[in-house]
Protein chains: 2
Amino acid sequence: MGKKLTKRKDDYSKWYNELVVGADLAENSGVRGCMVIKPYGFAIWEKMQAALDKMFKDTGHENAYFPLFIPKSYLSKEASHVEGFAKECAVVTHYRLKNADDGSGIIVDPDAKLEEELIVRPTSETIIWDTYRRWIQSYRDLPLLINQWANVVRWEMRTRLFLRTAEFLWQEGHTAHATKEEAIEEAEQMMNVYAEFAEKHMAMPVIRGLKTETERFAGAVETYCIEALMQDGKALQAGTSHFLGQNFAKAFDVKFANKEGKQEYVWATSWGVSTRLMGALIMSHSDDNGLVLPPKLAPIQVVIVPIYKGLEQLDAISEKVGPLVKELRAKGISVKYDDRDTQKPGFKFNEYELKGVPVRLAIGQRDLANGTYEVARRDTLQKEIVPMDKVVEKIEFLLEDIQKNIYQKALDFKASHITEVNSYDEFKTVLEEKGGFISAHWDGTPETENRIKEETKATIRCIPIDGKNEAGTCMVTGKTSNKRVLFAKAY
Amino acid sequence: MGKKLTKRKDDYSKWYNELVVGADLAENSGVRGCMVIKPYGFAIWEKMQAALDKMFKDTGHENAYFPLFIPKSYLSKEASHVEGFAKECAVVTHYRLKNADDGSGIIVDPDAKLEEELIVRPTSETIIWDTYRRWIQSYRDLPLLINQWANVVRWEMRTRLFLRTAEFLWQEGHTAHATKEEAIEEAEQMMNVYAEFAEKHMAMPVIRGLKTETERFAGAVETYCIEALMQDGKALQAGTSHFLGQNFAKAFDVKFANKEGKQEYVWATSWGVSTRLMGALIMSHSDDNGLVLPPKLAPIQVVIVPIYKGLEQLDAISEKVGPLVKELRAKGISVKYDDRDTQKPGFKFNEYELKGVPVRLAIGQRDLANGTYEVARRDTLQKEIVPMDKVVEKIEFLLEDIQKNIYQKALDFKASHITEVNSYDEFKTVLEEKGGFISAHWDGTPETENRIKEETKATIRCIPIDGKNEAGTCMVTGKTSNKRVLFAKAY
Ligand SMILES: [Zn+2]
Ligand SMILES: [Zn+2]
């Protein structure tokens, strides 16, 4: 606290790291690539979880819990799946420690080697479909609509707080269906649930789309996604929903008897969002003073700071503030009255600005005399003097208005950062000078996609769901194309 | 479903296993010792979590999240701690898989060996105190009151669903304090929170006490616990709260500047309950027909089963049931209207009995004509006919009454199963013929405690907090004792 953040325009990446640590969201731990999510950061994640969990349950899903460990042989059963995850697996090989015979300390007991190595789950399709084989016999057992909140591990070499960590928290939905159509509908539904959560709760506009074959989840037939745009013009994949076809049903031999009594393989989906959303949230709205939080996800929505000299003045203020706090809490608004005497008001103002508290009230001697509060909103940093009998109304207005305002701001930014280009030169120029999403024709081949990635670092973020058909030619090869796709550099 | 459970008197352990699987609570997975918690079981756990989480927050704690992995060197820093956990550690040694050169399949890549092995957390004191060193500088940073909901792994050779599994879910509180007194108060407070949760929510009476040195947590100065009594006369440790002294502060060099600016080591507590509570819940109340759930933790509090022939009759019933469901939900009561036409009413009755749904309503043609419901309560299996306009009132009464009744039943059972004995012979007889807690004098030495354990399999469950001082002599050695302790065979 107290130290200024690096400015975004000077070093966006440094600004992000300083902000995550400075706002008490997370920090690196002594374990390579694993973060500690601090209480303030975790409180935001809990709000995200609660909102998502309700949306999952409202669409008929139930929670369950599956093992952390996956036998190596399970992971190997779906060929493209193991191919996709093999390079980043944490592997448990032993189940005991012991004192070294030479007294040098604690060592892994070589006699306690597992017969089969266990992988710390990077995702749970395999262990879950091994379970579903026991749960599904008949069409009466379908659909099976299950979600799990869990930690997963993908051994990343270059990590960044929230955005890319070896261990992260997420939810993974795994559903089983009798028909292909129903499974596709489910995958699309969950993409839409994610989009609604991103837009309504995180105030973060997203583009819905399909991944190209290259960018698809390992084991999926089709990957739906939502893509968001960060303030530095880079895209961030905020959630994915996969139509898995019958790949896992075949790998784990999960069949059901249909109404005619015939055995068929089950159709599958899986879908997930993770603590990566915290990174997206931070980079969508925050400014050079610190975090800007949408009121719906703010652990503290309103903070009240008394300005006083001596206990008598504080008592007089507290007498006014007490009933206000009560009234706001009764309305379900989370309020903190910060009457700590170990810190000065200026310090507190900076702290809550850094932590992104949407509304700040200050009250001093003049306010007491005049019957007013000074009310500041975090998004625009505007302040105004509000009579005490209007302050609740004002706060309610601000909490809604800030949510709307930061969404609109992000929406405008996104709209002004989708650029149509018709040549590869233009593509490169826009990518370097402006950033954002670039809408261009592409010939549909992985070869061209890879060439563009190698030459420019831009990837195809998605084939937008609501993109219109339009005849054109690939900006690189000149081959025909019937739809534009969205490129960007991405997190 | 359909198959009868083994009776408790015939084989209590078999009854338990059949019930856990039959009621859709959990099952074994393909991973040795790891369970799958099924949606219905997980819904009960979620209710437990929600209630506990609120109690933790009401006592000033915040949630956070710490890494799954603990470097071997961290675990080794507190001598008695590593001693206690070394024999059951899952160890990650590698971070990559690859295709075998001989084409035999996927193998662990020998080139991807970790420099330092990582332990899958069996508990998080070490990684957390390594973090607290960075968070605590001054008395102003204290107390630090943090809780984590997490999965942990202890490699158990003999496992049982919920009671003893290699991976389990739990919460672990880890607090840091400026004074010894405050840390002890915290440890005692959390034991009391657990006791209140067990009694008010789980309807499970407990005894509060202190563990003997032998039974203490590895690294603790004092372990507080709550002990419950199962229907078969065996005790179950339902929660523990540890006063850790300065052991972890010293191992991880965590000091703070006190008000006088002097450096002191920080005082610590930790406390936890786990999915083991699910086992305790099941064994406290259930009967030969299946699960009996306290209404406060029941995912479905009321089920309504229509009895009908043909769609016309069902429609007439549904018309009556619809508004009732709405009214009950508005009161916060969770209701399921089971109008599946794939199963007969008798099947449904058995299913909900097995699943422990507290209140069951049935409605058929005669009920429709008379304006009544048949209302059955799960705890006593009593049924009565209730007029429709009295049924909401009846349900509200039953939900409270069942909660009270099963608590009282368990309380009476416990009261009648605490037996005072004054000789070792009497001790052995009561232990074999009656079971339950045995209150006896003991000379306070680990030697005698171990001898009793070896000879009888009974352990000292605790030194009860509210036990009165009473001069006596140890039943085994005849040495003097000033307080009785509680022995039992235990889960
Ligand atoms: Zn996309
Ligand atoms: Zn005890």
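Keep in mind the model is a prediction, meaning the values are calculated, not measured. For every chain, the first residue of the written sequence is number 1, and numbering continues from 1 onward in sequence order. Lettering for chains starts from A, numbering for ligands starts from 1, and both go in the order in which the items are written. Given that the model is predicted, a residue must reach a pLDDT of at least 70 before its local features are reported, and side-chain atom pairs must reach 80 or more before they are shown or counted; all residues, however, enter totals for whole chains, interfaces and linings. Only hydrogens and water are set aside when side-chain values are computed; all heavy atoms of the structure are taken into account.

Turning next to the pairing of strand 25 (residues 469–473) of chain B. For two strands to count as paired, DSSP must find a minimum of two bridges between them. A run of H or I in DSSP counts as a helix once it spans at least four residues, and a run of E counts as a strand once it spans at least two, with each numbered from the N terminus. With three bridges connecting them, strand 25 of chain B and strand 26 (residues 480–488) of chain B associate as antiparallel partners. What sits directly across from Thr473(B), in strand 26 of chain B, is Thr480(B).

Opposite charge on two side chains makes pairing possible when the charged atoms of those side chains draw close. Residue and element names in this part refer to chain A. The term salt bridge refers to a side-chain nitrogen of Lys or Arg lying within 4 Å of a carboxyl oxygen of Asp or Glu. Applying the stated rule across the entire model yields 67 salt bridges over all chains. The partner of lysine 355 in a salt bridge is aspartate 24, and the shortest N-O contact between them spans 3.5 Å. Taken as a pair, lysine 355 in the loop between helix 10 (345–354) and strand 19 (359–363) and aspartate 24 in the loop between helix 1 (12–22) and strand 1 (26–28) lie far apart in primary sequence, 331 residues in all. Three exposure classes are used, based on accessible area relative to the maximum for each residue type with a 1.4 Å probe and protein chains only: buried under 20%, partly exposed in between, and exposed over 50%. Look at lysine 355 and you get buried, because its relative accessible area is 11%.

Turning next to the side chain of Lys414(B). Residue and element names in this part refer to chain B. Its location among the elements puts lysine 414 in helix 12 (residues 391–415). No salt bridge is formed by the buried lysine 414; the nearest opposite charge belongs to glutamate 199, separated by 5.5 Å. Working rule for contacts: check all heavy atoms of both residues, and any pair within 4.5 Å makes them a contact. Those residues in contact with lysine 414 that lie beyond four places of it in its chain are Pro205, Val206, Ile207, Leu229 and Phe437. Positive charges are assigned to Lys and Arg, negative charges to Asp and Glu, while His and the chain termini are left out of the count.

Residues and elements named next belong to chain A. Structurally, histidine 61 is set in the loop between helix 2 (39–58) and strand 3 (62–63). When the C-alpha atoms of histidine 61 and valine 325 are compared, they prove to be 37 Å apart, with 264 residues separating the residues in sequence. Those residues in contact with histidine 61 that sit more than four places away from it in its chain are Phe56, Leu145, Ile146, Thr175, Glu186, Gln189, Met190 and Trp271. At a separation of 2.9 Å, a polar atom in the side chain of histidine 61 contacts the main-chain carbonyl oxygen of phenylalanine 56. Looking at histidine 61, its side chain comes within polar contact range of the side chain of glutamate 186, at 2.7 Å. In the analysis that follows, any N or O atom pair within 3.5 Å is treated as a polar contact, provided that within protein one partner can donate a hydrogen and the other can accept it, and provided that, for residues neighboring in sequence, both atoms belong to side chains.

The subject of this paragraph is the sheet that holds strand 17 (residues 302–306) of chain A. Residue and element names in this part refer to chain A. Ordered by their spatial adjacency, five strands build an open sheet running 18-17-19-20-21, and the pairing between neighbours is mixed. Two strands close off the open sheet at either side, each with one partner strand: strand 18 (335–337) and strand 21 (383–387). Across this sheet, the average inter-strand angle for adjacent strands is 25 degrees, counted without regard to direction. Taken together, the three bridges between strand 17 and strand 18 define a ladder with parallel strand orientation. For valine 303, the partnering residue across the bridge sits in strand 18 and is lysine 336. Between N-to-C directions, angles cover 0 to 180 degrees, with each direction set by a line fitted to C-alpha atoms, over the stretch in contact for helices. Across the face of the sheet, helix 9 (residues 310–330) comes into contact with strand 17, strand 18, strand 19 and strand 20 (372–377) while running at roughly 170 degrees to strand 18. Taken strand by strand, helix 10 contacts strand 17, strand 18 and strand 19, and its axis lies near 170 degrees from that of strand 17.

Attention now goes to the relation of the copies chain B and chain A. Superposition of the copies used a least-squares fit over C-alpha atoms from residues whose pLDDT is at least 70 in both. The transform that puts chain B on chain A rotates by 180 degrees and translates by 0.0 Å along the axis, for an RMSD of 0.0 Å. Expressed as a symmetry operation, the mapping of one chain copy onto the other fits a two-fold axis. Nearest to the rotation axis, the C-alpha of Val92(B) is located 2.1 Å from it, this being the minimum over chain B. Interface overlap between copies is the fraction of interface residues in one copy that are interface residues in the other; for chain B against chain A it reaches 100%, indicating a shared surface.

Okay, the coordination of the zinc ion (ligand 2) next. Residues and elements named next belong to chain B. Only N, O and S atoms count as donors, using a 2.8 Å cut-off from the metal and 3.2 Å for Na, K and Ca, and because water is excluded some sites may appear unfinished. For the zinc ion (ligand 2), the protein coordination sphere consists of Cys225 (SG) and Cys462 (SG), at 2.0 to 2.8 Å. Here the residue cysteine 225 occupies a position in strand 12 (residues 222–229), and cysteine 462 occupies one in strand 24 (residues 459–464), the gap between them amounting to 237 residues. The pair formed by cysteine 225 and cysteine 462 is uniform in burial state, with each residue classed as buried.

Listed as interface residues are 64 residues of chain B and, on the opposing side, 64 residues of chain A. Two parts placed together each lose some accessible area; with a 1.4 Å probe, that loss summed over both constitutes the buried area. Together chain B and chain A conceal approximately 5100 Å² of surface at their shared face, both sides included; 67% is due to carbon and sulfur atoms. Summed over the shared surface of chain B and chain A, the result is four salt bridges. Between Lys57(A) and Glu46(B) there is a salt bridge, with its nearest N and O atoms 3.2 Å apart. Connecting chain B to chain A are 32 residue pairs in polar contact (both at pLDDT 80 or more). Lys, Arg, Asp and Glu make up the charged group, whereas Ala, Val, Leu, Ile, Met, Phe, Trp, Tyr, Cys and Pro make up the nonpolar group; the residues left over, Gly among them, are polar. In the side of chain B that touches chain A, the residues fall into 38 nonpolar, ten polar and 16 charged. Bridging between strand 5 (residues 91–94) of chain A and strand 5 (residues 91–94) of chain B involves three bridges; their strand directions are antiparallel. Across the sheet, Val91(A) pairs through a bridge with His94(B), a residue of strand 5 of chain B.

Residue and element names in this part refer to chain B. Close contact between helix 2 (residues 39–58) and helix 6 (residues 180–201) brings their axes to 11 Å; oriented N to C, the two are set at 140 degrees. For helix 2 against helix 6, the interelement crossing comes out right-handed. Contacts between helix 2 and helix 6 pair Met48, Ala51, Leu52, Met55 and Phe56 from the former with Met190, Val193, Tyr194, Glu196, Phe197 and His201 from the latter. For the contact of helix 2 with helix 6, the per-class residue count stands at nine nonpolar, one polar and one charged. What makes a crossing left-handed is the near helix being turned counterclockwise from the far one by less than a right angle; a clockwise turn instead makes it right-handed.

Our focus in this paragraph is the domain arrangement of chain A. An automatic or database domain assignment supplies the start and end points of every domain. Structurally, chain A comprises domain 1 (12–71 + 123–285), domain 2 (300–397) and domain 3 (418–488). Just the C-alpha atoms count here: the centres of domain 2 of chain A and domain 3 of chain A sit 50 Å apart.

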